Structures are given as structure tokens and as C-alpha cells.
Amino acid sequence: MAIIETKDLDLYYGTNQALKKINLDINKNEVTALIGPSGCGKSTFLRTLNRMNDLIEIVKVEGKVLFEGKNIYDDYDEIALRKRIGMVFQKPNPFPMSIYDNITYGPKIHGIKDKKVLDEIVEKSLKGAALWDETKDRLKKSALGLSGGQQQRLCIARTLATSPEIILMDEPTSALDPISTSKVEELMDELKKKYTVIIVTHNMQQAGRIADKTAFFLNGEVIEFDATENIFYKPRDKRTEDYITGRFG
């Protein structure tokens, strides 16, 4: 069942059209990967899904992004929207405060003050991000003391703390070592049981390992969108095949 549907989605940076007539249905409780060469529109598309592009003055969006059937550009306040559609960025960006305060930051903004409730959110979020055992004895210590891979899992935990339905990830492992990368990939497989995950990745092997569906972007268009194994082993479009086999990109 589709939780996000985009209908003829166009996006312009000033006069430059970055997305052209994107029509995608993204299913609940799946990992969907967005692949394609640099500058093809995949990160721009990801950011339309929780209106992060609204922060750029020259951006104009046309078409629709439906979240549970309602257009996010008409029917949602963007702060409320970002609580339900969380985002994890390319570089781990923990706040310069304790691990505990990183996790409770979002819930506090949304009005949760009860310490017992906050304690429960911290434990649940860190367990959800497979980080509880490594951090439970140092919750009051600075998050900046964690390793890069732990910091990225902390950012995932921070996203989980506001109980989102969808988690957007923009190349979440590109700054990580192979061991941390595999931990985050294992985590995505767990996360999709409760959440819908949409990930931009430049690493095709990663898409092959973790994604149920894959969309191949090129020059602002979706060339092909299908089950991941079909994209990798039975692509319908020659451009997809050329990209997958390394002829360009």
C-alpha cells in the first residue's frame, strides 16, 4: 500500500528545472532506494517529501506529493509534517549536548516534559537504533564523544524519538567505515518492520543489499522504478542497464 504518492512533481531552482514529472508510489514498510549519478535529482526529490526544499528561497514546486492521500503542500504544517517524516543526513550531525538531550530535543519541542516519559523515549529510541547497549551508561556524556558510526545511529535514534512514520536518509553511510556501514544497513532492515524508509545512495551494492524497490534517476527524471532485483538484473531501459553496469555515472 502506498504511503507516499507523487503526481507530476516538478521542481525548479529559479529557471533551472531539477525534477521533471516525477510519478512514484512508495509503499509502507519497505526500503526504497533512489540511485543515479551525482546531480540527477535524487536528493532534491528526497527533500520534497518533507518540504526541506522550502528553506531555499528560489525553489518552486509544482504537482502533488500525497502523504496518506493528502497533499503535503496544501494540507500540512511543515513542522507537523517533519515530525511524521523524519530525516537523517549524509554527515552525522549530533547536537553539542549529551546523548540524552539529543534524543529528548524533539519530544520536548513537541511539548513532552514528563521525565519518566522522556526516559522511556530515550531507551526505546536508542534500542530502535541498535545503540542502547553502547550508550546506556553514558547518557549524560557528550554525543560528540561517540564514534562516527555511533553518531549516525544516534541521529537515527533522534529521528525515531518523535515517532515518525517515514524516515528519509540522504546517503547516511557515505561518511562511515565499512563496519559502521554494515551496522546501519542491518538497522534499516529492522526499521522497515515499523517504518517506511527512503534512502538516497550512491552505492549500488548497498541498494542491492537493503532495498525492496529502487528508482533510477537521470537528469531530473525517473527512468525506471521497480523491485530492486529487476532493476539490477532485468532492467527494461538501456540507460538503467548502462548505469548499473558502470558504463557511466
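Residues numbered from 1 in each chain as written. Predicted model: local features only at pLDDT ≥ 70, side-chain atom pairs only at ≥ 80, totals over all residues. Heavy atoms only, no water.

Novice: Could you give an account of the UniProt feature "domain: ABC transporter" (unreviewed entry) in the chain, naming the residues involved and the relevant values?
Specialist: Listed under "domain: ABC transporter" (unreviewed entry) in the UniProt record, and renumbered for this structure, are residues 4–244. Segment residues 4–244 splits into 39% helix and 27% strand. End C-alpha atoms: 26 Å apart. (UniProt positions renumbered as here; feature names shortened; annotations may be inferred. Helix = DSSP H or I, 4+ residues; strand = E, 2+ residues; numbered from the N terminus.)

Novice: Please provide a residue-by-residue account of the packing of aromatic side chains, values included.
Specialist: With the rule as written, the count across this model stands at 4 aromatic pairs. Their ring planes at 45° and their centres at 5.5 Å tell us that Phe45 and Phe217 sit as a pair that is tilted. Taken together, the residues Phe45 in helix α1 (residues 42–48) and Phe217 in strand β9 (residues 213–218) connect sequence positions 172 residues apart. Each ring, one from Phe95 and one from Tyr105, has its centre 4.8 Å from the other, and the planes form 55°; the classification is tilted. Taken together, the positions of Phe95 in the loop between β6 (85–88) and α4 (99–109) and Tyr105 in helix α4 put the pair 10 residues apart, joining distant regions of the chain. Take Tyr105: its relative accessible area is 40%, and that puts it in the partly exposed class. Geometry around Tyr76 places Lys70 over its ring, the cationic atom sitting 5.4 Å from the centre. The cationic tip of Lys140 hangs over the ring face of Tyr100; the distance from NZ or CZ to the ring centre is 3.9 Å. (Phe/Tyr/Trp six-rings, centres within 6.5 Å; stacked < 30°, edge-to-face > 60°. Buried < 20%, exposed > 50% of the residue type's maximum accessible area, 1.4 Å probe, protein only. Lys NZ or Arg CZ within 6 Å of the ring centre and 35° of its normal.)

Novice: Tell me about the pattern of salt bridges, and name the residues and values.
Specialist: With the rule as written, the count across this model stands at 22 salt bridges. As a salt-bridge pair, Arg153 and Glu134 come within 3.0 Å of each other at their nearest N and O atoms. Here Arg153 is found in helix α7 (residues 148–160), whereas its partner Glu134 is found in helix α6 (residues 132–135), with 19 residues between them in sequence. By relative accessible area, Glu134 is classed as partly exposed at 30%. (Salt bridge = Lys/Arg side-chain N within 4 Å of Asp/Glu carboxyl O.)

Novice: Now, about the environment of Asp74: what can you tell me, with residues and values included?
Specialist: Relative to the elements of secondary structure, Asp74 occurs in helix α2 (residues 72–75). The spatial distance from the C-alpha of Asp74 to the C-alpha of Tyr105 is 27 Å, given a sequence separation of 31 residues.

Novice: Let's hear about the nonpolar core: which residues, and what values?
Specialist: Counting residues in hydrophobic clusters, the biggest one holds 43 residues, and the most contacted among them are Ile103, Leu126, Leu154, Ile156, Met169 and Leu191. Grouped together as the second largest cluster of nonpolar side chains are 29 residues, Ile22, Leu24, Ile85 and Leu168 included. (Core = buried A, V, L, I, M, F, W, Y, C linked by side-chain atoms within 4.5 Å.)

Novice: Run through the sheet that holds strand β2 (residues 16–27), naming residues and quoting values.
Specialist: An order of β2-β1-β4-β5 is seen for the 4 strands of this open sheet, with the pairing classed as antiparallel. Lying at the two open borders of the sheet, with one neighbouring strand each, are β2 and β5 (70–71). Pairing analysis gives 8 bridges linking strand β1 (residues 2–13) to β2, with the strands arranged antiparallel. When the sheet's bridge partners are listed, Tyr12 is paired in β2 with Gln17. (Pairing = 2+ DSSP bridges.)

Novice: Provide a residue-level description of the sheet that holds strand β8 (residues 196–200), including the pertinent values.
Specialist: A sheet is described by the order of its strands in space; here 6 strands give the open sequence β6-β7-β8-β3-β9-β10, paired in mixed fashion. The sheet is open, and its two edges are formed by β6 and β10 (221–227), each paired on a single side. Ignoring which end each strand starts from, the neighbouring axes of this sheet average 20° apart. Of the pairings in the sheet, the one linking strand β3 (residues 31–35) to β8 comprises 4 bridges and is parallel in character. If you follow Ala33 over to β8, its bridge partner there is Ile199. Relative to β6, α7 is tilted by about 170°, and along the sheet it contacts β6 and β7 (166–170). Its contacts with the sheet put helix α8 (residues 178–191) on β3, β7 and β8, and the angle it makes with β7 is roughly 160°. (Axes fitted to C-alpha atoms, helices over the stretch in contact; angles between N-to-C directions. Contact = heavy atoms within 4.5 Å.)

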